[in-house]
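# Structural features, examined
Spelled out from the first residue to the last, the chains are:
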Amino acid sequence: MSSKIITYKNKKAFYQYELVEKLTAGIVLFGTEIKSIREGKINFTDSYCVFRKSELWVTGIHIAEYSLGTCNNHEPARDRKLLLNAREIRKWQKKVNEKGFTIVPYQLTINEKGLAKLEIALAKGKKIYDKRDDIKTRDNKRDLDRLNKY
């Protein structure tokens, strides 16, 4: 097992949502799924979390089938269970029932021990003018960095 940390980010979540509160959760994966994640074959741009029977599940994560897998390979677009304390789940379920909040995964990390951790955020959707302001400030910052470089 390698000792390096592997991280994948959901850039679309930062653009479309205002991340209010963040939390790290474990994720239940099969062996072929973790091997496929290490190869970088993961896409979670349109993923979100839902509550089912007082458990938190993430839907919309696409983990491609492992190339060296056998007939027992995993299903690429299945729902995956998140591992959280019951207190944290109840707290976030109350907040999601409020108007305009959703739970969005924004980063997946494989730590030194080889465990996959999904960082999720309680998010509120941005308006179009907020997105335009973000683009404008990012462009201005890039221009200033270019000028300071020379």
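Rules and cut-offs
- Residues numbered from 1 in each chain as written.
- Predicted model: local features only at pLDDT ≥ 70, side-chain atom pairs only at ≥ 80, totals over all residues.
- Heavy atoms only, no water.
- Phe/Tyr/Trp six-rings, centres within 6.5 Å; stacked < 30°, edge-to-face > 60°.
- Lys NZ or Arg CZ within 6 Å of the ring centre and 35° of its normal.
- Helix = DSSP H or I, 4+ residues; strand = E, 2+ residues; numbered from the N terminus.
- Buried < 20%, exposed > 50% of the residue type's maximum accessible area, 1.4 Å probe, protein only.
- Contact = heavy atoms within 4.5 Å.
- Pairing = 2+ DSSP bridges.
- Axes fitted to C-alpha atoms, helices over the stretch in contact; angles between N-to-C directions.

Moving on, we get to the packing of aromatic side chains. Tallied over the full model, the rule gives one aromatic pair. The side chain of Arg78 reaches across the aromatic face of Phe30, ending 4.3 Å from its centre. One residue, Lys124, lies across the ring of Phe101, its end atom 4.6 Å from the ring centre.

All right, on to the environment of Leu29 then. Positionally, Leu29 belongs in the loop between β2 (17–27) and α2 (31–38). Overall, Leu29 belongs to the partly exposed group, its relative accessible area being 21%. For Leu29 and Thr102, which are 73 residues apart along the polypeptide, the C-alpha to C-alpha distance reads 23 Å. Not counting residues within four places of it along the chain, the set of residues in contact with Leu29 comprises Ile34, Ile37, Ile63, Arg78, Arg80 and Ala116.

To continue, consider the sheet that holds strand β7 (residues 80–83). Strand order in the open sheet formed by seven strands is β1-β8-β9-β2-β7-β5-β4, and the pairing between neighbours is antiparallel. Two strands lie at the open edges of the sheet, namely β1 (6–9) and β4 (48–52), each paired on one side alone. Taking the axes of each pair of neighbouring strands and ignoring which way they run, one obtains an average angle of 40 degrees across the sheet. With two bridges joining them, strand β5 (residues 55–59) and β7 adopt antiparallel strand pairing. Looking across to β7, one finds that Trp57 is bridged to Lys81. The strands touched by α2 are β1, β7, β8 (101–110) and β9 (116–125); relative to β8, the strand with the most contacts, the crossing angle is about 75 degrees. Together, β2, β4, β5, β8 and β9 form the strand contacts of helix α3 (residues 86–97), whose direction differs from that of β2 by roughly 150 degrees.

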